[in-house]
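Chain by chain, the residues:
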Amino acid sequence: MSGRYLVHTFGCQMNAHDSDRMEEVLRGHGWRAAETPAEADLIVLNTCSVREKAEQKLRSEVGKLAPLKRENPGLVLAVAGCVAQQEGEKLLERVRHLDLVIGPDNIADLPALVLDQMAGAPPRAHTVFDLDAPRFLAAAPARGSTSTPVSAFVTTMKGCDERCSFCIVPYTRGPERYRPATEIVDEIARWVEAGSREVTLLGQTVDSYRDPSLPPPASSDPDESQFPALLRAIAERVPGLGRLRYTSPHPRHATAALAEAHAELDVLARHVHMPAQSGSDRILKRMIRRYTRVEYVERVRRLAAARPGITLSTDIIVGFPGETDADFEATLDLVREVGFVSLFGFKYSPRPYTPALKLEDDVPEAVKSERLARLFEVAEAQTRAHLDRLVGTTQRVLVEGASKTAGRVSGRTEQNEIVHLDAGDLDLTGAVVEVAIVRAYKHSLFAEMTPAARDALAAAPRPSAPRAPRRRRALTLLS
Ligand code: 5AD
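Predicted model, so just to flag it, every value in this text is computed and none were measured.

Visitor: Help me out: how do you make sense of the packing of helix α10 (residues 256-264) against helix α12 (residues 293-306) in this one?
Guide: One can describe the packing of α10 onto α12 by two numbers: an axis separation of 8 Å at closest approach and a directional angle of 20 degrees. The angle between α10 and α12 falls in the class roughly parallel. Every pair of crossing elements has a handedness; the one defined by α10 and α12 is right-handed. Packed against α10, whose contacting residues are A256, L258, A259, H262 and A263, the element α12 presents R302, L303 and A306 at the interface. Classifying every residue of the contact of α10 with α12 by side-chain character gives six nonpolar, one polar and one charged.

Visitor: Would you take a moment to explain the site of the ligand for this structure?
Guide: The ligand sits among V50, R51, F166, Q277, D315, I317, F346, K347, Y348, S349 and R351. The side chain of Q277 places a nitrogen or oxygen atom 2.7 Å from an oxygen atom of the ligand. S349 is positioned such that a nitrogen or oxygen atom in its backbone is 2.8 Å from a nitrogen atom of the ligand. Contact with the protein chains hides 86% of the accessible area of the ligand, taken as 400 Å² for the molecule alone.

Visitor: Please explain the sheet that holds strand β13 (residues 311-318) as it appears in this structure.
Guide: Pairing between the strands of a sheet comes from backbone hydrogen bonds, and it takes one of two forms, parallel or antiparallel. Read across the sheet, three strands follow the order β12-β13-β14 without closing on themselves; strand pairing throughout is parallel. Sheet topology places β12 (271-273) and β14 (342-347) at the edges, where each strand pairs with a single neighbour. Each strand of the sheet is rotated relative to its neighbour by a mean of 10 degrees, with strand direction disregarded. Bridge analysis of β12 against β13 gives three bridges, and the strand direction is parallel.

Visitor: Can you walk me through helix α1 (residues 13-28) in this structure?
Guide: Note that an α-helix has 3.6 residues per turn; residues three or four places apart therefore point the same way. Along its 16 residues, α1 runs 23 Å from first to last C-alpha, staying within 8% of the 22 Å computed at 1.5 Å per residue. α1 sits mainly inside the fold: 12 of its 16 residues count as buried. Buried within α1 are the following residues: M14, N15, A16, H17, D18, S19, D20, R21, M22, E23, V25 and L26.

Visitor: How do you make sense of unusual backbone geometry when you look at a structure like this?
Guide: With glycine set apart, most residues show a phi of negative sign, and most peptide bonds adopt trans. The omega angle of the peptide bond from T247 to S248 is -10 degrees, so this bond is cis rather than trans. In the Ramachandran plot, I288 falls in the positive-phi region, its phi being about 55 degrees despite a non-glycine side chain. Judged by its relative accessible area of 36%, I288 is partly exposed. Of note, N416 is a non-glycine position whose phi angle comes to about 80 degrees, a positive value. Structurally, the position occupied by N416 is in the loop between β16 (408-412) and β17 (418-422). Exposure remark for N416: the relative accessible area of 26% places this residue in the partly exposed category.

Visitor: Honestly, the packing of aromatic side chains in this entry has me stumped. Any pointers?
Guide: The geometry of two aromatic rings is summed up by the distance between their centres and the angle between their planes. This structure, assessed with the given rule, holds six aromatic pairs. Where Y171 meets Y353, the ring centres are 6.2 Å apart and the plane angle is 35 degrees; that geometry is what we call tilted. Of this pair, Y171 sits in helix α7 (residues 169-173) while Y353 sits in the loop between β14 and α14 (365-390), placing them 182 residues apart in sequence. Overall, Y353 belongs to the partly exposed group, its relative accessible area being 44%. Linked through ring pairs, Y291, Y296 and F340 together constitute an aromatic cluster. Sitting over the ring of F136, K158 keeps its end group 5.0 Å from the ring centre.

Rules used in this analysis
- Residues numbered from 1 in each chain as written.
- Predicted model: local features only at pLDDT ≥ 70, side-chain atom pairs only at ≥ 80, totals over all residues.
- Heavy atoms only, no water.
- Axes fitted to C-alpha atoms, helices over the stretch in contact; angles between N-to-C directions.
- Helix = DSSP H or I, 4+ residues; strand = E, 2+ residues; numbered from the N terminus.
- Parallel < 35°, antiparallel > 145°, perpendicular 65-115°, else oblique.
- Left-handed = near helix turned anticlockwise from the far one by under 90°.
- Contact = heavy atoms within 4.5 Å.
- Nonpolar A, V, L, I, M, F, W, Y, C, P; charged D, E, K, R; others polar.
- Near = heavy atom within 4 Å.
- Polar contact = N/O pair within 3.5 Å; in protein donor to acceptor, adjacent residues only side chain to side chain.
- Areas by Shrake-Rupley, 256 points an atom, 1.4 Å probe, with all protein chains shown as cover.
- Pairing = 2+ DSSP bridges.
- Expected span 1.5 Å × (residues − 1).
- Buried < 20%, exposed > 50% of the residue type's maximum accessible area, 1.4 Å probe, protein only.
- Phe/Tyr/Trp six-rings, centres within 6.5 Å; stacked < 30°, edge-to-face > 60°.
- Lys NZ or Arg CZ within 6 Å of the ring centre and 35° of its normal.

Okay, structure coming up:
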């Protein structure tokens with residue numbers, strides 16, 4: 001017995017990736033995608049709990065599904081992801097119309113658990129980490145399928161062994177477990193074979209990678225990371241791969257060998273997202289980030305120096321317990337000093353189980369808001385200046401699919417800037433197109449194909465409607 005499913009994703013790329021695996025597992029058991037919640041036999045909310053806001057969103061989405069469940073008692077409602085792992089049974093007690101709670105490591109069991117529910121089993125929470133035999137569900141790209149993304153995500157590791165004091169991830173995703181390098185390389189080769197041009201390696205601290213099929217390293221020294229070797233193996237064994245990215249690294253593991261890999265491997269995109277969190281040593285220490293501001297700057301400078309034109313972006317938390325005006329100024333100063341071209345900023349949000357709970361959340365909400373606004377002001381000025389500087393330059397854009405505006409496509413440069421361009425009736429999806437940057441918008445660029453690119457495409461036209469980028473499906477579940 002099977003039916004129609006709907007998977008709704010909140011949160012990070014790892015969650016989006018998990019949702020894709022859930023859908024594959026379900027399809028493998030005869031399930032098909034539902035178009036609307038009303039026609040679904042199974043609705044999965046794949047959740048995020050990294051900040052409280054994300055968790056509140058889940059609660060309101062689950063609440064909105066109650067009437068649907070009343071109308072259709074046969075509907076199976078499941079909560080997956082980090083909130084599921086964190087709350088387990090408690091979630092079933094709190095949300096009476098919920099049937100299943102399933103952890104990130106238990107995706108493969110989803111079809112069987114749903115069948116049990118359909119057969120009348122009582123609500124069930126299944127949230128066990130696969131510590132002894134870590135399982136990495138392999139993606140199943142279909143060759144030539146229109147759903148093959150130009151840019152695919154490939155998991156390299158899961159969990160996190162850092163203990164950053166603000167972060168819930170070690171508790172919702174468990175300890176670090178690594179995927180064998182041969183499996184990673186094979187999956188990338190399959191994506192490329194199926195038509196993907198770019199791959200982003202995914203891991204909570206992606207640069208702490210170790211190959212589990214090799215003997216364990218002599219020490220837990222960050223310099224023992226085998227991440228640079230993994231990058232080399234990918235470059236060597238999947239020569240058809242156009243671009244390789246990774247997210248998110250931890251500065252502690254951004255070693256000299258990683259910088260060397262950037263210097264040597266053309267396939268590595270010239271952009272690194274390196275979360276800094278704060279520019280104040282006092283706060284970095286309270287966050288248990290295990291680097292100083294000077295060390296952070298040295299590490300990103302070493303990466304940036306490895307290859308001309310590497311751009312840097314980051315994550316910043318404002319209003320961490322004890323953050324003074326001077327600490328916050330130090331963060332702004334770091335943002336200016338490094339010259340990030342973009343950043344994600346967050347107000348500190350106390351999370352269950354985390355060590356920072358012992359510190360008083362003493363920065364008033366209004367001050368957090370004010371600091372976040374100032375941070376964005378500084379960051380946006382830097383983004384604008386960076387994008388303005390690119391006007392008039394020539395860039396190579398990997399086209400990911402149709403833009404919102406008819407007749408336009410969009411893609412990204414090697415440095416990760418989003419570029420829109422007029423495609424006419426050409427299907428440029430998956431093509432690397434040489435463009436001249438004409439205009440800068442707030443967060444993206446507008447470009448025209450260079451005459452050389454037009455001539456090259458005219459010689460080998462591929463007219464058809466461009467398919468939409470599949471990176472983030474904006475699925476509106478209930479509106
Ligand atoms: N409060 C605010 N931001 C957080 N992040 C992680 N935990 C918290 C928290 N408790 C941010 C960090 C991280 C990003 C994914 O989310 O900046 O890099």
